[in-house]
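# Architecture and fold: a report
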Amino acid sequence: MSNYFQKDIETMPREQLKALQNEKFMKQIQHVWNDCPDYRRKMEAAGVSVDDIKSIDDISKLPFLSKDDLRENYPTAMLAKPLSECVRIQSTSGTTGKRVIAYYTQHDVDLWDECCARAIVAAGGTKDDVVHVSYGYGLFTGGPGLNGGSHMLGSLTLPMSSGNTDRQLQFMTDLGSTILCCTPSYAAYLGEAVTERGIKDQIKLKAGIFGAEAWSEEMRRDIEKTLGIKAYDIYGLTEISGPGVSFECEAQTGMHINEDHFYAEIIDPDTLEVLPHGEQGELVFTCLDKEAFPVMRYRTRDICVLTDEPCSCGRTHVKMVKPRGRSDDMLIIKGVNVFPSQIEAVMIQQGYQANYQIIVDRVNNSDTIEVNIEMTPENYTADAEKVAKMEKELVAALKSMLGILVRVKLVAPQTIVRSEGKAVRVIDNRKI
Ligand SMILES: [Zn+2]
């Protein structure tokens, strides 16, 4: 039996939902045209006026936005409300260039909290739960998003932030945390720490909501086993609001997009043509009712598939399959597309945990890829012959998954640096 945070909206018949989207979109395009000079300029450059937009079916006439567009007019790109009406900013990490600053009015914060509350309820949460938020707080949207959702639901919220594993475990046992929210790599690390300390019987966790990085099904099973929980995926990006743009239900077969707030399209990233549901392409979002930072047709660079097949949970909003990774995460090795999540899946199938680092280089104009993988305490051996045999098995399994030669170096347990936020999985020396 499913629970919903907002049943009427989450299970709204699709036709009615489409009408709601259309109504919000028509209001939003007026707001953007009148109040958002950055996007109006883009529309004018594309030869589109607000008068050309008669319904949401005309959305394909509108220009796309890219991360570069949002960086260009830093720090106020796409701002559509006076700062005096904004109450908060969040920001992207800016590791690959200028940061994107996202602005929120109180209405925008409420809308975002609502999306996260839906995700917590879909993971089995109620006001009686103790929600342990170990995403980073601050400019990163992970902590504030789930914190807000948990507040709105009325659950006791532990604003742990990331790091300080001893304190995490102490609060988890002393306060009886029942729902853990963090990155999947940190959840795996906490699981490892729980096993190491032998305190699994002292924790009361029942579910986890993990996102902000790509993770495999195998990693999910691993985390579920070590922490004794059901692990749910959550998706989002600062440019659209933060976590909670879409979330997983108990069916665990894709994440329901909060379509009353965010309109999703899949496009062919080369031709920019809109593709029908069921086809793989780049995910594009339009904010239907955000006030301060109303991003239109934003290209996420996430490659995925949408499905509107009915879901056993009763929610009617479309589901997106877990993106294989952001196209930014994709490595091209000797012309072959490789996602770190594929390598991770192979490792876990072979009985390893997701502690690894990928090193890519170019030697004599040819790409090389090597993975350092930690042995687990169970399969650890110092016998060089045995290690060589284990490495050979991994090389063969990776070859059959990826079709290319990946060199494997097994290392002793606990020798790869653990991350408390997003894991640094790839060192690409080709770019240096
Ligand atoms: Zn569902």
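Keep in mind that what you see is a predicted model, and the values were worked out from it rather than measured.

This brings us to the sheet that holds strand β19 (residues 366-374). With mixed pairing, 4 strands are arranged side by side in an open sheet as β20-β19-β18-β21. Each edge of the open sheet is held by one strand with a lone partner, namely β20 (407-411) and β21 (426-428). Between one strand and the next, the sheet's axes are offset by a mean angle of 20°, whatever the strand orientation. Bridge count for strand β18 (residues 356-363) against β19 is 8 bridges, and the pairing is antiparallel. The partner of Ile-358 across the bridge, within β19, is Val-371. Its contacts with the sheet place helix α11 (residues 384-402) against β19 and β20, and it is angled at close to 140° to β20.

With that out of the way, let us pick up the sheet that holds strand β10 (residues 262-267). Reading across the sheet, the 4 strands line up as β11-β10-β12-β13 and stay open at both edges, with antiparallel pairing between neighbours. Either end of the sheet is taken by a strand with one partner, and the two such strands are β11 (274-275) and β13 (298-304). One ladder, built from 2 bridges, connects β10 with β11; its direction is antiparallel. Residue pairing across strands places Ile-267 opposite Val-274, the latter belonging to β11.

With that settled, consider the domain arrangement of the protein. Partitioning the protein into domains gives domain 1 (1-324) and domain 2 (331-431). Each of domain 1 and domain 2 was reduced to a C-alpha centroid, and the two centroids are 30 Å apart. Between domain 1 and domain 2, the contact holds 18 residues from the first and 14 residues from the second. Listing elements by their share of the side of domain 1 that touches domain 2, those giving two or more residues are α8 (184-197) and α9 (217-227).

Here strand β7 (residues 230-237) lies mainly inside the structure; 7 of its 8 residues are buried. Here strand β6 (residues 207-211) runs beside β7; their pairing, made up of 5 bridges, is parallel. Of the residues in β7, the one forming a bridge with Ile-209 is Tyr-232. At this point the chain moves from β6, through α9, to the parallel β7, and the crossover so formed is right-handed. Two strands pair when backbone bridges link them, and β7 and strand β8 (residues 242-248) are joined in this way by 4 bridges, in the antiparallel orientation. Following the sheet pairing, Gly-236 is matched in β8 by Pro-243. Between β7 and β8, which pair antiparallel one after the other, the connecting turn spans 4 residues.

The rules behind these values
- Residues numbered from 1 in each chain as written.
- Predicted model: local features only at pLDDT ≥ 70, side-chain atom pairs only at ≥ 80, totals over all residues.
- Pairing = 2+ DSSP bridges.
- Helix = DSSP H or I, 4+ residues; strand = E, 2+ residues; numbered from the N terminus.
- Axes fitted to C-alpha atoms, helices over the stretch in contact; angles between N-to-C directions.
- Contact = placed C-beta atoms within 7 Å.
- Domains from an automatic or database assignment.
- Buried ≥ 20, exposed ≤ 12 C-beta atoms within 10 Å, placed from the backbone.
- Right-handed = clockwise from strand over helix to strand, strands pointing away.

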